[in-house]
There are 2 protein chains.
Amino acid sequence: MDAHSPSSSNESPWLPFESRRRARDEKREAVLRTAVALFLEQGYHRATLNDVAKRLNITKPALYNYFRGKDEILYECWSIGNELVDECIAETSAGGGSGLYKLRKLTVRYAELMTADYGKSLVRFDIRDLSEDNRKIVQTAKRRIDRAFRDYIAQGVADGSVKPCDPKLAAFAIAGSLNWIGHWFQPGGELSGRAVAEEFAIRLTEGIAKTTTQTTSTRKTTALEKADKPPRKGNASREETSEHHTRTAARAAGQSKRARSRLR
Amino acid sequence: MDAHSPSSSNESPWLPFESRRRARDEKREAVLRTAVALFLEQGYHRATLNDVAKRLNITKPALYNYFRGKDEILYECWSIGNELVDECIAETSAGGGSGLYKLRKLTVRYAELMTADYGKSLVRFDIRDLSEDNRKIVQTAKRRIDRAFRDYIAQGVADGSVKPCDPKLAAFAIAGSLNWIGHWFQPGGELSGRAVAEEFAIRLTEGIAKTTTQTTSTRKTTALEKADKPPRKGNASREETSEHHTRTAARAAGQSKRARSRLR
DNA sequence: ACTATTCATTACCCATGGGTAATATACGGG
DNA sequence: CCCGTATATTACCCATGGGTAATGAATAGT
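Residues numbered from 1 in each chain as written. Chains lettered and ligands numbered in written order. Predicted model: local features only at pLDDT ≥ 70, side-chain atom pairs only at ≥ 80, totals over all residues. Heavy atoms only, no water.

### Overview of the pattern of salt bridges
By the definition in use, this model includes 28 salt bridges over all chains. The residue A:Glu112 makes a salt bridge to A:Arg194 at a minimum N-O spacing of 3.1 Å. Of this pair, A:Glu112 sits in helix α5 (residues 99-113) while A:Arg194 is found in helix α9 (residues 193-206), placing the two residues 82 residues apart along the sequence. Judged by relative accessible area, A:Glu112 falls into the partly exposed class, the value being 27%. Close ionic contact of B:Asp126 with B:Arg128 constitutes a salt bridge, the shortest N to O distance being 2.8 Å. B:Arg128 gets classed as partly exposed once you look at its relative accessible area, which sits at 26%. (Salt bridge = Lys/Arg side-chain N within 4 Å of Asp/Glu carboxyl O. Helix = DSSP H or I, 4+ residues; strand = E, 2+ residues; numbered from the N terminus. Buried < 20%, exposed > 50% of the residue type's maximum accessible area, 1.4 Å probe, protein only.)

Structure follows, in structure tokens:
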């Protein structure tokens, strides 16, 4: 599994340190994966830190090596989900296309996020369980997501791909329906997350689209095929911020910007 | 306020008893009104029974004269909301009309419910906070609501008022959007509950309706005007079950069927 | 080998809050 | 006038669970 055995004594003295740091981050993420799953299946208040620890084969105080407290764990779970959404928005905004095209693209991706744990955490967790500071961050982020939907709709109205409507209410209607997926979707059902996402993307946007899509429900192509401007796909401006851990003595310092690894 | 002063000694010995019972029910409902408001604004777990009592100018143990415990209060709040929904469904099913008409009727009413406290309790409260028995009741009721949406859609597909689609997914999409209203709507905003309901009814059904409604958003007529079969309005089969209190010695017996007074 | 750091454990603290017991007050009926 | 019922209060119990202190076992670096 690990490629760094401590056999060769000198040569690359950084690796042990790096591998330690990596191991630590992996454990941190394991805590979050376990926590988000447990918070979702039992609810934040019913799930105890003992439960989380037990599922990881450790004890409660060990968790405090990685997090300041329960609410910080909650926040970090939410934060991962938020990063995933931010990526969706960034990619959608970066790629071109009509307002309708962007709206559908975001809808598909967002819907699929709602079928996975970290996505669900965005809509199932209660903002009031967070600290004052984190709560403000979350509120701001929520507004940003709402803005994305509204902007795409407004853009679609402007460029003619979307029927004239109130972007605010339309965004509420679409996002609400998507958010609700996070409440009812259970993996293992008859529908895969992807299938639900595709279906919802069509259903939710056909009402306001100028170009009426055929909804025969037996279609097997992607939800985006009919959008009026497929963008050139390829390099989508992968900005890699390469945030570095400044881990010093302070145990479990507030490191809300975790290394951008392939989570989930 | 009360018309029953104890001056005249005999004549109508029932009244004092009746008035006591009425007073009791009013207090019970006052508790529920306060509780639902508090549970919504603070969340069930953060809101304590002391908070509820304090807001009523009483103390915590006094609540136990009316309810067995916190979870029962939660259940009763939910139950009132559920009764309101049941009335909507009953009236909608009783009145005639096409599938689309019924779907829109239910959508409008349900949306408006979501803008009020007892309606919100249907979607904001966590089923896992209830006792085993009550949880089963709630789950059954939720399925019944879902069934209503699906039935109307399927009926619409059958009678040609709704485009062919998967009733299950369409119902999820519509109900999800409506349920989400209970999460974001705050009275006192720029939009009234009724306005939101009307707008959503149009927006959510126009995607699957065969008869495309004009969505100019400057329209001021009701959401139902274009439906293809306005039913004869009038006596809508008011079944009054006339449930009676069997209040005996047992303090706060399980009286999940409260007197059907004008709540809210 | 020696030492410092990391990370986990056991044992504990204690605020919170749902729920109960004992008790006081008001009131209707005989 | 007294009693039973209903309803409220004060004072308390105690299980729960987040969080901490003291401590022990690995491991890296010199």
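Now that the structure has been shown, we can carry on.
### Let's talk about the protein's contact with DNA strand C
Neighbouring DNA strand C are 20 residues; A:Arg24, A:Thr59, A:Tyr66, B:Lys60 and B:Lys70 lie closest to it. A:Arg24 places a polar side-chain atom, nitrogen or oxygen, 2.5 Å from a phosphate oxygen of DNA strand C. Interatomic distance of 2.9 Å between a backbone N/O atom of B:Leu49 and a phosphate oxygen of DNA strand C. For the surface near DNA strand C, the elements supplying multiple residues, two or more each, are α1 (14-42) and α3 (60-63) of chain A together with α3 (60-63) of chain B. In terms of residue count, α1(A) provides more of the surface near DNA strand C than any other element does, three residues in total. (Near = heavy atom within 4 Å. Polar contact = N/O pair within 3.5 Å; in protein donor to acceptor, adjacent residues only side chain to side chain.)

### Description of the nonpolar core
Core analysis: the biggest nonpolar cluster contains 134 residues, and A:Phe149, A:Phe200, B:Phe149 and B:Phe200 have the highest contact counts within it. Here A:Phe200 is in contact with A:Thr107, A:Ser177, A:Leu178, A:Ile181, A:Trp184, B:Leu169, B:Phe172 and B:Ala173, once residues within four sequence places are set aside. (Core = buried A, V, L, I, M, F, W, Y, C linked by side-chain atoms within 4.5 Å. Contact = heavy atoms within 4.5 Å.)

### A few points about the protein's contact with DNA strand D
With respect to spatial proximity, 19 residues lie near DNA strand D, and among them A:Lys60, A:Lys70, B:Arg24, B:Thr59 and B:Tyr66 are the closest. Among all atoms of DNA strand D positioned within 4 Å of the protein, those belonging to sugar or phosphate total 62%. A:Lys60 is positioned such that a nitrogen or oxygen atom in its side chain is 2.7 Å from a base oxygen of DNA strand D. Between a phosphate oxygen of DNA strand D and a side-chain N or O atom of B:Arg24, the distance comes to 2.5 Å. Sorting the residues of the surface near DNA strand D by element identifies α3 of chain A together with α1 (14-42) and α3 of chain B as the ones contributing at least two each.

### Notes on empty space enclosed by the protein
Gaps left between atoms are located by rolling a probe of water-molecule size over the structure's atoms. Residues and elements named next belong to chain A. Within the structure shown, the criterion is met by two cavities of 30 Å³ or more. Reported here for the second largest cavity is a volume of approximately 70 Å³. Together, Leu 74, Trp 78, Ser 121, Leu 122, Phe 125, Asp 126, Ile 127, Leu 130, Val 138 and Lys 142 line the second largest cavity. Elements with a contribution of two residues or more to the lining of the second largest cavity: α4 (70-94), α6 (117-124) and α7 (132-159). Along the lines of polarity and charge, the residues of the lining of the second largest cavity split into seven nonpolar, one polar and two charged. (1 Å grid on protein atoms, 1.4 Å probe; cavity = no way out; pocket = protein on both sides within 12 Å on 5 of 7 lines; lining within 4 Å. Points joined across faces, edges and corners; volume = space filled by probe spheres on them. Nonpolar A, V, L, I, M, F, W, Y, C, P; charged D, E, K, R; others polar.)

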